[in-house]
Amino acid sequence: MKPSALFQILVLLLFALPRAEGADDFFARANTEFAAGSFKAAIADYNAIVGSGEWSANLFYDLGNAYFRDGDFGRAILNYDRALRLDRHHPEADANLRIARDQTHSLELSPPALERYLNFATANFFAVLGAIFFWLAVIFLILRPGRVLWAVIGMFLAATCAFAAYRVENGTRGQSLAIVIAGNAEARVATADSARSVLALPPGSEVLILQERGDWSYAALPNDQRGWIAANAVEKVRL
């Protein structure tokens, strides 16, 4: 067989193979399904995109809307929160989050005063700023060894930024923030369904996961108490 003929056969076989669906295909199909009222099908396709790692604020916003229309308010709030993590100034996600919270009467964590002041920026912002101050202090110390005071000030600012990054990362909007997705979740004093309840948590309520033990998670609760909650009843906002 001539090489040219073999090449033509290979090209035909390549185009005959089924094309793998990409994120754009899933997104377009999910939007069509949502518009048609097929919310569970839309949720499945939106989640397929989430699983691929091609995240965007609009993706989580649309997924939140699909869960909301399907009556799953806990996961709706979870995904609105995720949208706002990627875009703090997403007005639709913020508005729908408030509507969903009003619907479920979900409970929110109250950040400490210091954390409220620090929440204007992300942990990454403080980490980068701290690194800049650190290296400026080092460079200044090398170029102007006699002016130690400025280097000390730079190191102090770097340490302050590092502390701010730590507080934001481990605070009520940090890596351990989780949303209650179960319908009737209870925080308890021990890892048993029969243990005394500390607090009833409506869907969409916020908790801060402090420790994980098997099927249970130990969490800081919105009423400034702590308790154990079933691990499958909550999901962390950060993927």
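Residues numbered from 1 in each chain as written. Predicted model: local features only at pLDDT ≥ 70, side-chain atom pairs only at ≥ 80, totals over all residues. Heavy atoms only, no water.

Caption draft 1: Seen up close, unusual backbone geometry. Phi at His105 takes a positive value of approximately 55°, unusual for a residue other than glycine. Looking at the element boundaries, His105 is found in the loop between helix H6 (91-104) and helix H7 (113-118). In this structure, Asp224 is a non-glycine residue whose phi angle is positive, near 65°. Mapped onto the fold, Asp224 is located in the loop between strand E5 (216-220) and strand E6 (226-230). Given a relative accessible area of 70%, Asp224 falls into the exposed group. (Helix = DSSP H or I, 4+ residues; strand = E, 2+ residues; numbered from the N terminus. Buried < 20%, exposed > 50% of the residue type's maximum accessible area, 1.4 Å probe, protein only.)

Caption draft 2: Focus on helix H3 (residues 39-52). In this model H3 runs 20 Å from its N-terminal to its C-terminal C-alpha over 14 residues, within 8% of the 20 Å that 1.5 Å per residue would give. Phi for Gly53, located one or two positions after H3, is positive at around 85°. (Expected span 1.5 Å × (residues − 1).)

Caption draft 3: Representation of the packing of helix H4 (residues 57-69) against helix H5 (residues 73-86) in the model. H5 packs onto H4 with a crossing angle of 165° between their chain directions and a minimal axis gap of 8 Å. Put simply, H4 runs roughly antiparallel to H5. The handedness of the crossing between H4 and H5 comes out as left-handed. Of H5, the residues touching H4 (which contributes Ala57, Phe60, Tyr61, Leu63, Gly64, Asn65, Tyr67 and Phe68) are Phe73, Arg75, Ala76, Asn79, Tyr80, Arg82, Ala83 and Leu86. (Axes fitted to C-alpha atoms, helices over the stretch in contact; angles between N-to-C directions. Parallel < 35°, antiparallel > 145°, perpendicular 65-115°, else oblique. Left-handed = near helix turned anticlockwise from the far one by under 90°. Contact = heavy atoms within 4.5 Å.)

Caption draft 4: View of the environment of Asp45. Along the chain, Asp45 falls in helix H3. The class for Asp45 is buried, based on a relative accessible area of 7%. C-alpha separation for the pair Asp45 and Phe26, spaced 19 residues apart in sequence, amounts to 5.4 Å. Ignoring anything within four residues of it in the chain, the contact list for Asp45 reads Phe26, Arg29, Ala30 and Glu33. Reaching out from Asp45, the side chain makes a polar contact with the side chain of Arg29 at a distance of 2.9 Å. (Polar contact = N/O pair within 3.5 Å; in protein donor to acceptor, adjacent residues only side chain to side chain.)

Caption draft 5: Local environment of the environment of Pro202. Here Pro202 is to be found in the loop between strand E3 (197-201) and strand E4 (206-213). Residue classification places Pro202 among the partly exposed positions, given a relative accessible area of 23%. Remark: the alpha-carbon pair of Pro202 and Asn124, spanning 78 residues in sequence, is separated by 32 Å. Other than its neighbours up to four places away in sequence, Pro202 contacts Thr104, His105, Ser106, Leu107 and Val180.

Caption draft 6: Representation of the packing of aromatic side chains. Summed over all chains, the structure comprises ten aromatic pairs. The interplanar angle of 40° and the centroid separation of 6.2 Å between the aromatic rings of Tyr61 and Tyr80 together place this pair among those described as tilted. Of this pair, Tyr61 sits in helix H4 while Tyr80 sits in helix H5; the two residues are 19 residues apart in sequence, bridging distant segments of the chain. Here Phe68 and Phe73 contribute two aromatic rings whose centre-to-centre distance is 5.1 Å and whose plane-to-plane angle is 70°, an arrangement assigned as edge-to-face. Phe68 sits in the partly exposed class, given a relative accessible area of 22%. For Phe73, a relative accessible area of 23% gives the class partly exposed. Taken together, the ring pairs connect Phe120, Phe125 and Phe126 into an aromatic cluster. (Phe/Tyr/Trp six-rings, centres within 6.5 Å; stacked < 30°, edge-to-face > 60°.)

Caption draft 7: Region of interest: H5. If you check H5, its first and last C-alpha atoms are 20 Å apart, about what 14 residues at 1.5 Å a residue would give, namely 20 Å. Here H5 lies mainly inside the structure; ten of its 14 residues are buried. Next to the buried residues of H5 lie H4, H6, strand E1 (177-180), E4 and strand E7 (234-236).

Caption draft 8: Inspection of the pattern of salt bridges at higher detail. By the definition in use, this model includes ten salt bridges. Across the pair Asp70 and Lys40 runs a salt bridge whose closest N-O atoms are separated by 3.0 Å. Of this pair, Asp70 sits in the loop between H4 and H5 while Lys40 sits in helix H3, and the two are 30 residues apart along the sequence. One salt bridge in this structure joins Glu206 and Arg101, with 3.1 Å as the shortest N-O distance. Of this pair, Glu206 sits in strand E4 while Arg101 is found in helix H6, placing the two residues 105 residues apart along the sequence. By the burial criterion, Glu206 is buried, and Arg101 matches it. Through salt bridges with shared partners, a single network forms among Asp81, Arg101, Arg173 and Glu206. (Salt bridge = Lys/Arg side-chain N within 4 Å of Asp/Glu carboxyl O.)

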